[in-house]
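Breakdown of the fold
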Amino acid sequence: QVQLVESGGGLVQPGGSLRLSCAASGSINSGDTMEWYRQAPGKPRTWIAFILSSGTTSYADAVKGRFTISRDNAKNTMYMEMNSLKPEDTAVYYCKLNTMTRPYWGQGIQVTVSA
């Protein structure tokens with residue numbers, strides 16, 4: 001069984017920064033792909049970034065240049081550094097781990113960008 005726990009969310013002013021963490025426990029393979037998604041109120045959950053075990057990354061256009069995804073395989077932890085935050089970044093952020101057998105999701109963490 002795999003568990004994912006997000007942390008680091010909260011309230012920040014426009015233009016501010018936050019760093020999200022996603023700690024994985026259980027049967028983890030360092031080769032598994034990890035991703036971040038977010039869901040704004042009244043909108044569907046949308047993909048924002050992935051990182052491969054090799055360190056290769058990809059981003060949605062909405063966050064490219066402002067968000068940076070990274071991972072520490074030794075700690076089974078993924079991160080998302082979020083800079084230049086905008087009110088439209090307000091959402092619940094979810095991490096996802098894609099194993100050989102099935103995907104796993106974290107419980108989500110709220111990020112609110114507001115003055």
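Below you will find a few notes about this structure. In this convention, every chain numbers its residues from 1, walking through the sequence in written order. A pLDDT threshold of at least 70 governs which residues receive local features in this predicted model, and a stricter bar of 80 or more applies before side-chain atom pairs are shown or counted, although totals over entire chains, interfaces and linings include all residues. The basis for every side-chain value is the complete set of heavy atoms in the structure, and neither hydrogens nor water enter the calculation.

**With respect to the environment of W105**
The topology assignment puts W105 in strand β10 (residues 103–105). Along the primary structure W105 and M78 are separated by 27 residues, whereas in three dimensions their C-alpha atoms are 13 Å apart. Here, two residues are considered to be in contact whenever any of their heavy atoms come within 4.5 Å of each other. In this structure, W105 is in contact with L4, Y37, R45, Y94, C95 and K96, ignoring residues within four places of it in sequence. Strands here are runs of E lasting at least two residues and helices are runs of H or I lasting at least four, both read from the DSSP assignment and numbered beginning at the N terminus.

**Considering the pattern of salt bridges**
Here, a salt bridge means any Lys or Arg side-chain nitrogen found within 4 Å of an Asp or Glu carboxyl oxygen. Enumeration over the complete set of coordinates arrives at four salt bridges. D89 is the salt-bridge partner of R66, the closest N and O atoms lying 2.7 Å from each other. With R66 in the loop between β6 (57–59) and β7 (67–72) and D89 in the loop between β8 (77–82) and β9 (91–98), this residue pair connects regions lying 23 residues apart in the sequence. The class of D89 is buried, set by a relative accessible area of 1%. Salt bridges sharing partners connect three or more residues here, namely R38, R66 and D89. Accessible area is worked out with a 1.4 Å probe on protein chains only. A residue is then buried under 20% of its type maximum, exposed over 50%, and partly exposed in between.

**Brief notes about the nonpolar core**
When a protein is soluble and globular, its nonpolar side chains tend to lie buried together. Definition of nonpolar core: a set of buried residues of the types Ala, Val, Leu, Ile, Met, Phe, Trp, Tyr and Cys, connected through side-chain atoms within 4.5 Å. Formed by 29 residues in total, the largest nonpolar core has its most connected members in W36, M80, M82 and Y93. Every element with two or more residues in this core is listed here: β1 (2–7), β3 (18–26), β4 (33–39), β5 (46–51), β7, β8, β9 and β11 (109–113).

**Here's the deal with the pairing of β1**
Every regular strand shows the same layout, with side chains that alternate between the two sheet faces. By the alternation rule, side chains of β1 split into V2, L4 and E6, which are all buried, and Q3, V5 and S7, of which none is buried. One requirement defines pairing of two strands: DSSP has to find at least two bridges between them. Where β1 and β3 come together, six bridges link them in antiparallel fashion. Paired with V5 across the strands is A23, a residue of β3.

**Let's talk about the state of the cysteines**
When two cysteine sulfur atoms are found within 2.5 Å, that pair is recorded as a disulfide. Scanning the entire structure with this criterion turns up one disulfide. Each sulfur in the disulfide pair C22 and C95 lies 2.1 Å from the other. On the sign convention where negative is left-handed, the bridge of C22 and C95, at about 65° about the S-S bond, is right-handed. Within this pair, whereas C22 is found in strand β3, its partner C95 is found in strand β9, the two being separated by 73 residues in sequence. Exposure class is identical for C22 and C95. Each is buried.

**Looking at the side chain of E6**
The residue E6 is located in strand β1 in this model. Summary of buried charges: E6 has no salt-bridge partner, and the nearest side chain of opposite charge, R45, is 7.6 Å away. Of note is the side chain of E6, whose polar atom sits 2.9 Å from the backbone nitrogen of G108. If sequence neighbours within four positions are ignored, E6 has contacts with S21, C22, W36, Y93, Y94, C95, G106, Q107, G108 and I109. Charge counting treats Lys and Arg as positive and Asp and Glu as negative, with His and both chain ends excluded. Think of a polar contact as two N or O atoms within 3.5 Å of one another; within protein, one of them needs to be a possible hydrogen donor and the other a possible acceptor, and neighboring residues in sequence only count if both atoms come from side chains.

**Observations regarding the side chain of R71**
Looking at where R71 falls in the secondary structure, it is placed in strand β7. Buried charge without a salt bridge: R71, with D32 as the nearest opposite-charge side chain at an N-O distance of 6.5 Å. Here D32 takes part through its backbone oxygen, which lies 2.8 Å from a polar atom of the side chain of R71. Within the local environment of R71, its side chain forms a polar contact with the backbone oxygen of I51, the two atoms lying 3.2 Å apart. With residues near it in sequence (within four places) discarded, R71 still touches S30, D32, T33, M34, I51, L52, S53, T77, M78 and Y79.

Nothing here speaks to function; it is all geometry.
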